[in-house]
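Observations on chain architecture
Here is how the chains run, residue by residue.
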Amino acid sequence: MTSDVLTTPTSVRAVRVRSWAWLGLAPFAVYLALFLALPTILAISTGFLDGDGAFTWANITALADPVIVTAFANTTWLSLLTAAIGAVVGALVCYAALGLPPTGAVRSTLDAATGVLAQFGGVMLAFVFIATLGVQGVVTVLLRDGLGIDIQPGAWLYSLPGLILPYVYFQVPLMVITFLPALSALKPQWTEANLVLGGTRASFWMRVGLPVLAPSFLASFLLLFANAFSSYATAAALASQGSQIVPLQIRAALTSETVLGRENLAGALALGMIVVVGLVMWLYTAIRSRAARWQS
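Being a predicted model, the structure only gives us computed values, none of them experimental. (Residues numbered from 1 in each chain as written. Predicted model: local features only at pLDDT ≥ 70, side-chain atom pairs only at ≥ 80, totals over all residues. Heavy atoms only, no water.)

1. Describing the overall build of the protein chain
In terms of helices and strands, the protein chain carries 13 helices and zero strands. What you see in the protein chain, going N to C, is helices and strands ordered as α-α-α-α-α-α-α-α-α-α-α-α-α. Scored against the burial criterion, the 296 residues of the protein chain give a buried share of 34%. Long-range contacts, defined here as pairs at least 24 residues apart, represent 70% of the contacts in the protein chain between residues at least 6 apart. (Helix = DSSP H or I, 4+ residues; strand = E, 2+ residues; numbered from the N terminus. Buried < 20%, exposed > 50% of the residue type's maximum accessible area, 1.4 Å probe, protein only. Contact = heavy atoms within 4.5 Å.)

Put into structure tokens, the structure is as follows:
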């Protein structure tokens, strides 16, 4: 009885402390509500309304229009291609970084550079490529005037294929950020056990390393796909004419002066993007939870 009396006040205080702990998450919850939940709800709801605010299926059925289907297909293959290139190149960079001292100058510089370059996009990135590889870019002019080589026939940088290089530019650093911790989590004991059992470096990667890293690699690839699928600013700055990908189709629906009364089509397009990205991120979460078992 005495023990119960002594511990009761402490238990009550602990409950009171825990009951107020949620207040620390309140600012983040408000941020999510204002800048994620509310825009998502507005985007989805406007997709089912016409210009007068009445319910309609016209915007949703318009997703089957050949032009919009082509835009989704273009966005998908662009995202898959740049995610695949970024994943492979980024994984090779991670493998090279694995042999560097974690606290060394080179590794620290790599970590800092990837953190900055992964966020270096939008108009700034578009300007860098225009100034470097554009029709009158520095490299383009030097090669054309000095060697007679024209690397901008047809101004490809401003078309859909021209988005591949800028997208890869920020996909590779993002892959390094997400995949390097998984590669670093490979335990040295596994390599030693493989050698003791008569294995080789090749057998270790084929039988242990690659199977263990496969979920993390696939999860990182899906993250890169979602990142490219939802990118807008870089494409908008480079491809000023035409709407060959879904984010630019949304811009056209909101700002076009030739197609009036279809502003709410942007909501239907956004709903389509939300479904695709949501499915990809669900797969990413499921695969990451499986990969986390090997990193604990």
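2. A few points about the packing of aromatic side chains
Under the criterion given, the structure shown has 12 aromatic pairs. Plain terms: the ring middles of Phe28 and Tyr31 are 6.4 Å apart, the flat faces sit at 20 degrees to each other, and that makes the pair stacked. Taken together, the residues span about one helical turn, with Phe28 and Tyr31 both in helix α2 (residues 26-46) at a distance of three residues. With relative accessibility at 47%, the residue Tyr31 sits in the partly exposed group. A centroid spacing of 5.8 Å and a plane angle of 80 degrees characterise the contact between Phe179 and Phe217, whose relative ring orientation is edge-to-face. Of the two residues, Phe179 sits in helix α8 (residues 164-184) while Phe217 sits in helix α10 (residues 201-229), which places them 38 residues apart along the sequence. Classification of Phe179 by relative accessible area gives buried; the value is 4%. (Phe/Tyr/Trp six-rings, centres within 6.5 Å; stacked < 30°, edge-to-face > 60°.)

3. Some remarks on the packing of helix α4 (residues 66-97) against α10
Packing of α4 against α10 brings their axes to within 9 Å, and their N-to-C directions diverge by 140 degrees. Judged by the angle between their axes, α4 and α10 are oblique. Here the hand of the crossing between α4 and α10 comes out right-handed. (Axes fitted to C-alpha atoms, helices over the stretch in contact; angles between N-to-C directions. Parallel < 35°, antiparallel > 145°, perpendicular 65-115°, else oblique. Left-handed = near helix turned anticlockwise from the far one by under 90°.)

4. Here we look at the pattern of salt bridges
It is possible for side chains of opposite charge to pair when their charged atoms get near one another. All told, the structure shown has one salt bridge when counted by the stated rule. The partner of Arg107 in a salt bridge is Asp111, and the shortest N-O contact between them spans 3.8 Å. Taken together, the residues span about one helical turn, with Arg107 and Asp111 both in helix α5 (residues 105-117) at a distance of four residues. (Salt bridge = Lys/Arg side-chain N within 4 Å of Asp/Glu carboxyl O.)

5. Examining the packing of helix α9 (residues 188-196) against α10
Look at α9 against α10: their axes get within 10 Å of each other, and the N-to-C directions meet at 150 degrees. Comparing their axes, α10 and α9 come out roughly antiparallel. Crossing of α9 over α10 shows right-handed handedness. The segment α9 lies against α10, with Trp190, Thr191 and Asn194 engaging Ser203, Phe204, Val208 and Val212. Tallied by class, residues from the contact of α9 with α10 come to four nonpolar, three polar and no charged. (Nonpolar A, V, L, I, M, F, W, Y, C, P; charged D, E, K, R; others polar.)

6. Some thoughts on the nonpolar core
Counting 43 residues, the largest nonpolar core has Phe179, Leu213, Val246, Ile250, Leu265 and Leu269 as its most contacted members. If you list the elements that add at least two residues to this core, you get α4, α8, α10, α12 (246-255) and α13 (265-295). The dominant element in this core, judged by the number of residues it contributes, is α10, at 12 residues. Dropping the residues within four chain positions of it, Phe179 is found in contact with Ala91, Cys94, Leu213, Ser216, Phe217 and Ser220. (Core = buried A, V, L, I, M, F, W, Y, C linked by side-chain atoms within 4.5 Å.)

7. Structural notes on the confidence of the model for the protein chain
Across the protein chain, the average pLDDT comes to 83, with 88% of residues at 70 or higher. The secondary structure element of the protein chain with the lowest average pLDDT is helix α1 (residues 2-20), at 53, and the one with the highest is α4, at 94. In the predicted structure, residues 1-6 sits below a pLDDT of 50 and forms zero contacts with residues beyond four places in sequence or in another chain. (pLDDT = per-residue confidence, 0-100.)

8. Considerations on α2
Between its first and last C-alpha atoms α2 spans 28 Å; for 21 residues at 1.5 Å apiece the expected length is 30 Å, and the two agree. The principal kink in α2, of about 40 degrees, is found at Ala33. (Expected span 1.5 Å × (residues − 1). Bend = angle between axes of the 7 residues up to and from the residue.)

9. A word on the side chain of Asn194
Residue position: Asn194 is located in helix α9. A polar atom in the side chain of Asn194 sits 2.9 Å from the backbone oxygen of Thr200. Not counting the four nearest positions on each side in its chain, Asn194 is found in contact with Gly199, Thr200, Ser203 and Phe204. (Polar contact = N/O pair within 3.5 Å; in protein donor to acceptor, adjacent residues only side chain to side chain.)

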